[in-house]
Amino acid sequence: MQERFDQQLKEVHSHYESGDLDLGLRRLLDCAIETENAEVFRAVLDFCEYLESQAVQAATTIEKVDILIKMMAKVGAYYRENGSDEVISLAHVGKKYRNSGFAIKDINFDLKLGSIMGLVGENGNGKTTLLRLIAGELKADKGKVAYPFAAAQDEYALKSKLIYIEQRIPRWHGSLMDNLIYTTAHYHENWKDHRLWAEIMIARLGLRPYRNLTWGRISSGYRTRFELAKTLLRRPKLLLLDEPLANLDIVAQQTILQDLKYMANSLSAPFAMILSSQHIYEVEKVSDSILFLKQGAAQWDKKNQADSDSSLILELEVDVNRETLKNALSPLNLQKIQYNGGVFLVHFSSNHSGAQVLSELAKHEVEVHYFRNISQSSRRFFIQ
Amino acid sequence: MITKIQAYLISRYPLLWNTRIVFLLPIIFGIHMLFYLAGYFKHFNLSDLHDGYYYRYEGVVMFSVLLTALLIIIWLIFYLRNNPLKAGYPLRRFHLIKEFFLLMVVFFSSATFFFTYQQGVFNRTNIETKEINTIDEVNQANLAFNFIAADRSDFRIYRSCDSLAARDKRREERLEEYYRLRDADLNPDSDMINNEPINESLDTLPLSYLYYCSLRYSVTNKDEQVPATIQHDRAHRWLLSGHRDSVLYQLNLFKALLEKYRIANNLDPESHVSRMFAANNFEVDTIYGTTKSTYDDYLQKDIPQAYIRDADFQDSIDQISEVRRGFWDWEIILFMFYYAFSMALLLMSFRMTSIRVWFAALVGSGLVAILVSLVVVSSNQSELALYLIWLLYILFHLGAFVFIRSRLHKFLSGVLFLWTLWMQLSILPMIWGKLEDHYREINNMIPGNEVSNPTYTWLNRHWHELLEFNLVFTFILLLVFFMPLAKKWQANPEE
């Protein structure tokens, strides 16, 4: 574990060396969180204050970072016995709604600490129902949902480590900081100053400028981030996020997902995560596995199913019409062209690559504005 | 300062922070102080002791109730912001029971402003009346009342201070007189045949202070005051030995007492004593009324009369005695405990379940009450209600326990759980009351009053202990049964 931690610290140094200050700070804060040490927290928070001051100089910053890295290397990552690596296991899980007739059918998967699973599918295909089943809010009619990490715990204790964030985040009352400290006080009982924990998490999620505001004065995107901060302070073992990206801008979406991936793989407090989203590409980037739900059934499981379909499917945005595009790509055994909201979906048989397609387009001087190979993406299941 | 305290509490004692009790209690204490001072510095004179002493609290009671309601509403706005149980935060074993206890403290302390006001009034009254020797004053007034006739019905043998033997002797003399008159009367239609006036005349004493025996006033512990017979003997001696000055002195003392307490009267001791000693055989010439005048039906107008509002003196003495005893008797404290316990239970039940379930249980309990009433009315057996309630209690209990443990029917199990919880405090007293009723019936079958059923007597005498036990028992049940069950319910899935 110490080796991994040292590696993380080196990574922080290299981010600063290469001038990637933002990522450097985020990873530095990750390392600080790994130590779970009040002195380290204070030092890192002082560093954050320094960064917010007017007197920031590159050389001084790297100097300060190095001091912090040394301090953290000395303290080391906090070691905690995390028990079973396996967090959740679903075997033939099914659930039917009597009134609507809609059913979740035969879902099977398991997740380990540190792994992320993306849950995708069109609206009304059972993503939220499946998340609620996993969160223990709904009861499965068939199959078994097991939580190996909490085998000996009662249901309430299990639920306190199994955190489900709904699409619509409930309103927080009172100050944001008070809410975070109050939550921390329930989860970090041995700590004397829970404000430090709240402060470090706020810094980690880039919320320091907003920490003294109230719920009504922040945008929905920042509400999502504060809710995430609160959730991460609760040290989940399994984090279930229902459309967490809905309220976030494009930059925040990528940052938050990357941050969650880092944190899920934490040395001191790793967790598994399932997130449902319509932002397929962003989710696929961070997920170890993808579950595509269609009418309540798992249509495709990226991790477990060998892909039988090996055809090449591309998304293209070009400034020519369908006929011109067809002519340009005809030498490549084109199977099908679909037009879908400004983007062409182009199907080829196997034995072709994206590079060949781009080469053909270049030959015919077709200007390409957007190109994506979705052959292995769940995106292709959304095509009618 | 407040921010520092808040920061310390939220981190170290999140429960105290969330209940806001650290700030609420000083506010409540401050309000108590204001109420106490208002009571203490309220205008006081001795006439307050008999002049609607209690009824003048009405405004204060209303104000104190409104203030309590306002305080609780504002406090709830802060308190209900966070609910760690519903949020699924890990809770220590005693977290919920500690929260319940804090709620009890809030409800108990915020509902007693009026009592603090009353305590202020009592303390002031105590100070103002500390020189008053109530026993002495009652004895003085009682002795004086041997020379003031206030009711014709006092002149009866059974109200006499004579010994039983003397009363029998007197009654025999009156009987002889009756027979003599009856025998002498040859007219069979004479009124003397009618027993009513005869019987009445048999009991009636001559309207003379010599036969008048009145123990007008009393203190709580009657053993402490001079008995009526001794007072009568003394008064009798004074009259027979012509101690006019002693009688006058005593009446003057009484008049001074009346003036001290500002009791309305037109007693003139000098003229009263003069008339008394001038009369033949101390015959009574004035019966004192309790009002300034009496309405004459024949004349259709108020006729002035001799009067003393003598009951005011007793009221004053009673009030002083009550103030000295203090009003914080165990019954009031127990009542307040029940109030605080019930309110805390109601609020805690709201915290432990969902809003939907709580309101459904509230509406449902009304419907169940109506249903039970209909069954009872249609069967015309009031006892059936009790048995039905017990049956429902057992069924609700079983339903809640089984469904929650087996993770079934979350909504229904929540409603059953709340019904059981709300009924809990009333079950033991109901059983006790029913048992007492049962043994009362057995007791009533015993002829005479000398012997009573020991079980009935025991049940009847130990109501207080039962009510105390009931609170402790329910508190323990909350800790070991209801609260763990509530946590389990929270973790259960919906259908």
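Undergrad: Sorry if this is basic, but what is going on with the overall build of chain B here?
TA: When you go through chain B residue by residue, the secondary structure sums to 20 helices and two strands. For 495 residues, the compact-globule estimate of 2.2 N^0.38 gives 23 Å, and the C-alpha radius of gyration of chain B, at 33 Å, exceeds that figure by more than 25%. Principal-axis analysis of the C-alpha atoms gives chain B an extent of 100 × 60 × 45 Å. By element, 61% of the accessible surface of chain B is carried by carbon and sulfur atoms, the whole surface being about 26600 Å². Treating the 46 positive side-chain charges of chain B as one cloud and the 51 negative ones as another, the clouds have centres 17 Å apart.

Undergrad: Is there a simple way to think about the interface of chain B and chain A in this case?
TA: It is common to give the size of an interface as the accessible area that goes away when the parts come together. On the chain A side, the residues contacting the 28 residues of chain B number 26 residues. Summed over both sides, the interface between chain B and chain A buries roughly 2500 Å², with carbon and sulfur atoms accounting for 54% of that surface. If you sort the residues of chain B by the area they bury against chain A, Ser11(B), Tyr89(B) and Pro90(B) come out on top, with a joint share of 24%. With its nearest N and O atoms 3.5 Å apart, the salt bridge here joins Glu494(B) to Arg132(A). Tallying contributions element by element places helix 20 (residues 463-491) of chain B first for the side of chain B that touches chain A, with four residues.

Undergrad: Is there a simple way to think about the confidence of the model for chain B in this case?
TA: All names here are of chain B. Mean pLDDT for chain B: 87, with 93% of residues reaching 70 or above. For chain B, helix 10 (residues 195-203) is the element with the lowest average pLDDT, namely 59, and helix 6 (residues 95-110) is the one with the highest, namely 96. The complex prediction reports pTM at 0.82, with the ipTM value standing at 0.83.

Undergrad: Just to check I follow, could you spell out the domain arrangement of chain B for this structure?
TA: The domains assigned to chain B are domain 1 (1-128 + 319-324), domain 2 (134-318) and domain 3 (353-495). For domain 2 of chain B versus domain 3 of chain B, the distance between C-alpha centres works out to 57 Å.

Undergrad: Even after reading the chapter, I still don't get a nonpolar patch on the surface, so can you show me in this structure?
TA: All names here are of chain B. On the surface, Ile355, Phe359, Leu362, Val363, Leu367, Ile370 and Leu374 cluster together to form a nonpolar patch covering roughly 690 Å² of accessible area. Structurally, Val363 can be placed in helix 16 (residues 355-379). On the accessibility criterion, Val363 (56% relative accessible area) is exposed.

Undergrad: Which parts of the structure should I look at to understand the pattern of salt bridges?
TA: Here the idea is simple: oppositely charged side chains can pair when their charged atoms come close. Residues and elements named next belong to chain A. Overall, the coordinates contain 29 salt bridges over all chains when judged by the stated rule. Taking the shortest distance from any N to any O, the salt bridge between Arg208 and Glu199 comes out at 3.8 Å. Given a relative accessible area of 11%, Glu199 falls into the buried group. Taken together, the shared-partner salt bridges in this structure form one network comprising Glu11, Asp22, Arg26, Arg27, Asp30, Arg204 and Asp259.

Undergrad: Looking at this structure, how should I read the sheet that holds strand 12 (residues 343-348) of chain A?
TA: Two pairing modes exist for strands in a sheet, parallel and antiparallel, and in both the strands are linked by backbone hydrogen bonds. Residues and elements named next belong to chain A. Across the sheet, four strands lie side by side as 11-12-10-13; this open sheet has antiparallel pairing. The outermost strands of the open sheet, each flanked by one partner alone, are strand 11 (334-340) and strand 13 (368-373). Within this sheet the neighbouring strands show an average axis-to-axis angle of 20 degrees, counted without direction. As judged from the six bridges shared by strand 11 and strand 12, these two strands associate in the antiparallel manner. Bridge assignment links Asn340 to a residue of strand 12, and that residue is Val343. Along the sheet, helix 12 (residues 322-329) makes contact with strand 10 (312-318), strand 11 and strand 12, crossing strand 11 at roughly 155 degrees.

Undergrad: I would appreciate a short explanation of the nonpolar core in the present structure.
TA: Considering soluble globular proteins, one finds that nonpolar side chains tend to be buried as a cluster. Counting 77 residues, the largest nonpolar core has Trp75(B), Phe100(B), Phe341(B), Met352(B), Phe417(B), Leu478(B) and Met483(B) as its most contacted members. The residue makeup of this core includes at least three contributed by each of domain 1 (1-128 + 319-324) and domain 3 (353-495) of chain B. Sequence-distant contacts of Trp75(B), that is, excluding residues within four places in its chain, are made with Thr19(B), Arg20(B), Leu24(B), Leu103(B), Val106(B), Phe107(B) and Leu347(B). Counting residues in hydrophobic clusters, the runner-up holds 74 residues, among them Leu25(A), Tyr50(A), Leu176(A) and Leu260(A).

Undergrad: Looking at this structure, how should I read the environment of Trp238(B)?
TA: Residue and element names in this part refer to chain B. By the element assignment, Trp238 lies in helix 11 (residues 228-240). Residue classification places Trp238 among the buried positions, given a relative accessible area of 12%. Not counting chain neighbours up to four residues away, the residues in contact with Trp238 comprise Leu143, Phe147, His243, Ser246, Val247 and Gln250.

Definitions and limits used
Residues numbered from 1 in each chain as written. Chains lettered and ligands numbered in written order. Predicted model: local features only at pLDDT ≥ 70, side-chain atom pairs only at ≥ 80, totals over all residues. Heavy atoms only, no water. Helix = DSSP H or I, 4+ residues; strand = E, 2+ residues; numbered from the N terminus. Rg over C-alpha atoms; globule rule 2.2 N^0.38 Å. Areas by Shrake-Rupley, 256 points an atom, 1.4 Å probe, with all protein chains shown as cover. Lys, Arg positive; Asp, Glu negative; His and termini not counted. Charge placed at Lys NZ, Arg CZ, Asp CG, Glu CD. Contact = heavy atoms within 4.5 Å. Buried area = accessible area lost by both parts, 1.4 Å probe. Salt bridge = Lys/Arg side-chain N within 4 Å of Asp/Glu carboxyl O. pLDDT = per-residue confidence, 0-100. Domains from an automatic or database assignment. Patch = residues over 30% accessible without salt bridge, like charges linked within 9 Å, V, L, I, M, F, W, Y side chains within 5 Å. Buried < 20%, exposed > 50% of the residue type's maximum accessible area, 1.4 Å probe, protein only. Pairing = 2+ DSSP bridges. Axes fitted to C-alpha atoms, helices over the stretch in contact; angles between N-to-C directions. Core = buried A, V, L, I, M, F, W, Y, C linked by side-chain atoms within 4.5 Å.

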